[in-house]
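# A closer look at the structure
The lines below spell out each chain.
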Amino acid sequence: MLSVVNSATGLVNGFFEWFGNLGIFSWNVLKAGATPPYEWRELIRQLDEVGSKSLPLVAMAGAAIGVIISLEARYSLSRFGAKSMFPATLVYSVLQVMGPIITGLVVCGRVGAGIGAELASMKVTEQIDAIEASAINPYRLLAATRILACILMLPLLTLGTDACALLTGWFAQTLVEPLSFHQFIQDGFKGATFNAFLPQTFKTAVYGLIIGLIACFQGMQTRGGAEGVGRAATNSVVLGSLFLILADVVLVKFILIVFA
Amino acid sequence: MATACDIAMKQKQPGKDGCSPVVAIENLRKTFVSQMVLNGISLSVNRGETLAVLGRSGTGKSVLLRLIIGIETPDSGSVRIHDQEIVGLALDRMGEIRKKMGFLFQHAALYDSLTVAENVAFPLEHHRRDMSRSERGDRVKQLLAEVGMEGDFDKMPSDISGGMQKRVGLARALALDPEILLLDEPTAGLDPISSGEIDDLILKLQRERQMASVVVTHDLHSARTIADRLALLNEGEMVIEGTFDDLQQSNIGFVAEFLKQL
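First, a word on what this report is: a plain description of the structure on this page. (Residues numbered from 1 in each chain as written. Chains lettered and ligands numbered in written order. Predicted model: local features only at pLDDT ≥ 70, side-chain atom pairs only at ≥ 80, totals over all residues. Heavy atoms only, no water.)

This paragraph deals with the overall build of chain A. If you tally the helices and strands in chain A, you get 10 helices and 0 strands. Secondary structure elements of chain A, listed N to C terminal, follow the sequence α-α-α-α-α-α-α-α-α-α. Once the C-alpha set of chain A is aligned to its principal axes, its extents read approximately 65 × 55 × 35 Å. The buried share of chain A, reckoned over its 260 residues, is 46%. In chain A, 84% of the contacts between residues at least 6 apart in sequence involve partners at least 24 apart. Summed over all atoms, the accessible surface of chain A reaches about 12,900 Å², with 72% contributed by carbon and sulfur. Here chain A contributes 16 positive and 15 negative side-chain charges, whose respective centroids are spaced 5 Å apart. (Helix = DSSP H or I, 4+ residues; strand = E, 2+ residues; numbered from the N terminus. Buried < 20%, exposed > 50% of the residue type's maximum accessible area, 1.4 Å probe, protein only. Contact = heavy atoms within 4.5 Å. Areas by Shrake-Rupley, 256 points an atom, 1.4 Å probe, with all protein chains shown as cover. Lys, Arg positive; Asp, Glu negative; His and termini not counted. Charge placed at Lys NZ, Arg CZ, Asp CG, Glu CD.)

What chain B contains, in helices and strands, is 10 helices and 10 strands. Taken over the C-alpha atoms alone, chain B extends approximately 55 × 50 × 40 Å along its principal axes. Buried positions account for 51% of the 262 residues belonging to chain B. Residue pairs in contact within chain B that sit at least 24 positions apart in sequence constitute 66% of those at least 6 positions apart. Accessible surface for chain B amounts to roughly 11,700 Å². Of this, 47% is attributable to carbon and sulfur atoms. Each charge class in chain B can be summarised by its mean position, and for the 30 positive and 38 negative side chains these summaries are 2 Å apart.

A word on the pairing of strand β2 (residues 35–45) of chain B. All names here are of chain B. By the bridge criterion, 8 bridges tie strand β1 (residues 23–32) to β2 in an arrangement that is antiparallel. Counted as the bridge partner of F32 is Q35 from β2. Connecting the antiparallel pair β1 and β2 is a turn made up of 2 residues, with V33 showing a positive phi of about 55°. (Pairing = 2+ DSSP bridges.)

Residue and element names in this part refer to chain B. A rise of 1.5 Å per residue sets the reference length of helix α7 (residues 192–209), with its 18 residues, at 26 Å; its end C-alpha atoms lie 25 Å apart and thus fit the reference within 8%. Within α7, the full set of buried residues consists of S194, S195, I198, D199, L201, I202, L205 and Q206. Angular distribution of buried residues about the axis of α7 spans 160°; they occupy a single face of the element. What points out from α7, more than 90 degrees from its buried face, is the exposed set P192, I193, R207 and E208. (Expected span 1.5 Å × (residues − 1). Arc of directions from axis to C-beta.)

Another point: the interface of chain A and chain B. Often, the extent of an interface is quoted as the loss of accessible area upon association of its parts. The interface of chain A with chain B comprises 21 residues on the first partner and 25 residues on the second. Both faces considered, chain A and chain B share a buried interface measuring about 1,700 Å² in area, 52% of it formed by carbon and sulfur atoms. The tally of links between chain A and chain B comes to 4 salt bridges. With a closest N to O distance of 3.1 Å, E125(B) and R41(A) form a salt bridge. If you look at where chain A meets chain B, you find 10 residue pairs in polar contact (both at pLDDT 80 or more). Elements supplying a minimum of two residues to the side of chain A that touches chain B: α5 (127–133) and α6 (138–176) of chain A. Among the elements that take part in the side of chain A that touches chain B, α5(A) stands out by supplying 6 residues, more than any other. Grouping the constituent residues of the side of chain A that touches chain B by class yields 9 nonpolar, 6 polar and 6 charged. (Buried area = accessible area lost by both parts, 1.4 Å probe. Salt bridge = Lys/Arg side-chain N within 4 Å of Asp/Glu carboxyl O. Polar contact = N/O pair within 3.5 Å; in protein donor to acceptor, adjacent residues only side chain to side chain. Nonpolar A, V, L, I, M, F, W, Y, C, P; charged D, E, K, R; others polar.)

Moving on to the pairing of strand β9 (residues 229–234) of chain B. Where a strand is regular, its side chains alternate between the two sheet faces. Residues and elements named next belong to chain B. Among the 6 residues in β9, 5 count as buried, and that is most of the element. The sheet contact formed by strand β3 (residues 50–55) and β9 spans 5 bridges and is parallel. Along β9, the bridge assignment pairs G55 with L233. Counting the residues in the hairpin turn of β9 and strand β10 (residues 237–242) gives 2 residues, including E235, whose phi is positive at 50°.

Okay, here's the thing in structure tokens:
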């Protein structure tokens with residue numbers, strides 16, 4: 001009985017300790033990132049790493065999602081005699097729900113694991129200590145640049161995912177029932193306002209914050225050789241994805257209240 | 001003409017004639033989880049002087065260096081660099097002090113995604129923004145030539161030997177012309193010839209640059225070659241501090257046992 005209580009206490013302590021350390025880490029990154037000297041060159045390198053190098057992957061994921069939604073939507077709408085709603089269903093499904101979350105999860109897998117493993121490897125080989133010993137703030141050079149790159153790039157990547165999904169969704173529909181792209185877009189966006197799509201796209205900046213912050217935190221807190229590096233990469237993806245989905249619940253509710 | 005400070009330094013009398021030690025450690029304690037790693041260590045190092053910190057593996061020698069450069073924080077005690085207390089100093093303020101220090105890590109800790117030349121240029125790119133690209137290139141060439149690595153500019157750290165990595169690490173540590181040089185096991189894992197070459201290199205740099213150096217090592221032969229004074233640690237406590245002759249004349253059992261390796 002005592003051992004159960006002890007292990008439960010340990011778990012609760014570990015939980016609060018983790019969040020406490022994340023809070024301290026976030027404050028250090030914010031302080032370092034907001035004050036000069038700014039690491040522009042590293043930021044540009046990270047924008048390329050997070051943005052351009054993720055684009056093919058999110059484009060492919062978007063293309064696949066477009067086809068899947070197209071197939072599912074046509075089948076469901078046909079059953080209810082609402083085939084004319086197909087363009088709007090596809091556009092709203094992609095832009096409001098699937099595009100942002102798929103982009104977030106794909107980038108979390110690629111970039112989160114990459115950042116987590118890279119920083120963890122630097123930590124266990126004392127490269128981060130060497131940066132600190134060279135009088136360079138590692139929070140500014142390594143963490144702030146990566147987190148900012150994720151924040152800036154996620155909305156742009158989401159636009160890429162959305163575009164590919166709409167294109168392949170329309171193409172899959174056209175193979176079965178010809179529909180001009182112009183007509184598809186016109187019907188899909190009929191009556192739509194910017195408020196319906198922009199907040200959903202820009203909420204991915206919060207996904208970027210979560211992905212970058214969790215991955216940098218996991219990487220820079222690593223201890224214990226190759227096993228620690230593996231654990232940091234895994235935790236970056238698992239925790240990043242989990243927090244991303246949880247944040248989406250809050251963000252969707254927030255957007256519905258504010259931009260309804 | 002020698003200043004009062006230089007004379008005091010040569011006589012190994014820190015604090016005399018207004019010459020305060022460059023590094024002064026007082027009653028330093030550090031614990032990891034429940035293990036006391038350093039227990040009440042006090043040391044000082046003057047300009048132009050090399051102090052070797054000796055001891056068995058796991059006696060807190062490397063931790064001592066990390067405390068001096070502020071990568072670790074002590075539980076209690078004081079670390080003063082040029083009379084400035086660094087314990088509890090903010091990271092950016094600490095950065096200013098670190099610019100005066102060079103650190104050679106035990107495994108060199110070269111940035112593995114950068115070439116040899118880029119590794120050495122790294123501190124210059126961040127702290128000497130007034131330097132043009134060609135000036136920086138010249139400085140890197142000069143530093144690599146100083147450590148005998150002039151032909152390996154474009155090699156990656158993974159393509160060079162452990163001894164060569166330490167030379168590059170040393171060149172990087174010297175990039176900002178430090179007044180204090182901290183060397184963590186500079187000869188560990190090297191063959192006797194490479195160890196001798198690194199020792200000669202450290203001696204040459206000391207003669208030319210007159211830095212205050214702290215060398216952590218368990219290589220007594222190397223310590224005897226490069227150090228003016230030696231400090232022997234055991235289980236986190238200072239056993240003895242003095243010249244090599246002082247150690248030889250000591251009747252402490254642990255000192256005699258340690259000297260047997262010669």
